[in-house]
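# Structural overview
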Amino acid sequence: LQRLHLHRKRSEVKQPFAQLAGVSLLKPLKGVDPNLISNLETFFTMDYPKYEVLLCIQDLDDPAVDVCKKLLGKYPNVDARLFIGGKKVGINPKINNLMPGYEGAKYELVWICDSGIRVKPDTLTDLTNQMTEKVGLVHGLPYVADRQGFAATLEQVYFGTSHPRSYISANVTGIKCVTGMSCLMRKDVLDQAGGLVAFAQYIAEDYFMAKAIADRGWKFSMATQVAMQNSGSYSIGQFQSRMIRWTKLRINMLPGTVLEPVSECFLASLIIGWAAHYVFRWDMMVFFMCHCLAWFIADYIQLTGVQGGTLCFSKLDFAVAWFIRESLAVQIFLSALWDPTISWRTGRYRLRCGGTADEILDV
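First, a word on scope: everything that follows refers to the structure included in this document. Here the structure is a predicted model, which means the values were calculated and not measured.

## Some points on the pattern of salt bridges
Taken as a whole, this structure holds 17 salt bridges when the rule is applied. We note a salt bridge from aspartate 299 to arginine 165, for which the minimum N-O separation is 2.7 Å. Taken together, the residues span a long stretch of sequence, with aspartate 299 in helix α11 (residues 284-307) and arginine 165 in helix α6 (residues 162-172) at a distance of 134 residues. With a closest N to O distance of 2.6 Å, arginine 352 and aspartate 358 form a salt bridge. Counted as one network, the salt bridges with shared partners bring together Lys94, Asp114 and Glu205.

The structure is reproduced here in structure tokens:
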């Protein structure tokens, strides 16, 4: 965390403020949750000299249309436009939704940012600060805002322990690991790869966009601010379904994902405990318990580092959520192996090896 400089108190401008590159923000929207308007409003109040907000909605009768029109009326001085209808170019509904906004983007940098993300006034300055001469993509470490309820605690524990452990490790060691929740990219590089259309055949478009940028010799950089998820709709069931969907995508894109369960606490501790017993004749269960305890403490320390402040739940809540999350890990993995289809937004898809997918149409 220190190496990545997370949670700097302010984003220092590395170049004159007025000379910062223009940014086209692409915002895919689908439906409304209790936090949507407050999340969206943070993008209208950013302290940045040159950016546009491109709000993209697939359906004319989507309630998000009214939310967008309200904000457009409230902030007439913000360069913002609303695109309704999308453009069918492939099976990925997010890409289809974003196409009109992407085609209308006027700046050299595009920032694709999910609807559930909220930002600070200096978030965009932080992102563009990382877009140095050899960098083609800047991304944010996904995290979750403080919210009420155990489901929110479970999400926060996952995005503060297991997820950043692999995400940060990959990026520190030079492995390209990116999620599409908040990504700032060079538009000309995306256009060289074929534009958004080239990624419409994939469900995990973020992975393939990052791969295309890396294949052209560009580096990645991580923002000092996290990509703060603040969805107003959340439950344990939704969290579990999301984890299963992500695991299915990783299995189909990266076959090595089948080894992922051995990186989880309980299974890894069992394997290492057995090895310690076999080699050193140590008590397997004692070693297992000590290893799990050390893992638990390390996860708590990491969580507080990612949080960057006081946690909104108790240590007991953390312990319960951590135990449940670790216990669900193998079950989530097996569920992902069992069924190769996923449900996302309003569609169902059958995944193919390599990351492509076929839409399942109801007849």
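Having seen it, we continue.
## Regarding the sheet that holds strand β1 (residues 23-29)
On the basis of which strands lie adjacent, the open sheet formed by seven strands has the order β3-β2-β1-β4-β8-β6-β9 and mixed pairing. Every interior strand has two partners, whereas the edge strands, β3 (80-84) and β9 (219-222), have only one. Strand-to-strand twist across the sheet, computed as the mean angle between neighbouring axes with direction ignored, equals 20°. Sheet topology note: the strand β6 (residues 135-139)/β9 ladder contains four bridges and is parallel. Bridge pairing in β9 links leucine 137 to phenylalanine 220. In this fold helix α3 (residues 93-104) packs onto β1, β2 (51-57), β3 and β4 (109-113), with an angle of close to 150° to the strand it touches most, β1.

Conventions and cut-offs
- Residues numbered from 1 in each chain as written.
- Predicted model: local features only at pLDDT ≥ 70, side-chain atom pairs only at ≥ 80, totals over all residues.
- Heavy atoms only, no water.
- Salt bridge = Lys/Arg side-chain N within 4 Å of Asp/Glu carboxyl O.
- Helix = DSSP H or I, 4+ residues; strand = E, 2+ residues; numbered from the N terminus.
- Pairing = 2+ DSSP bridges.
- Axes fitted to C-alpha atoms, helices over the stretch in contact; angles between N-to-C directions.
- Contact = heavy atoms within 4.5 Å.

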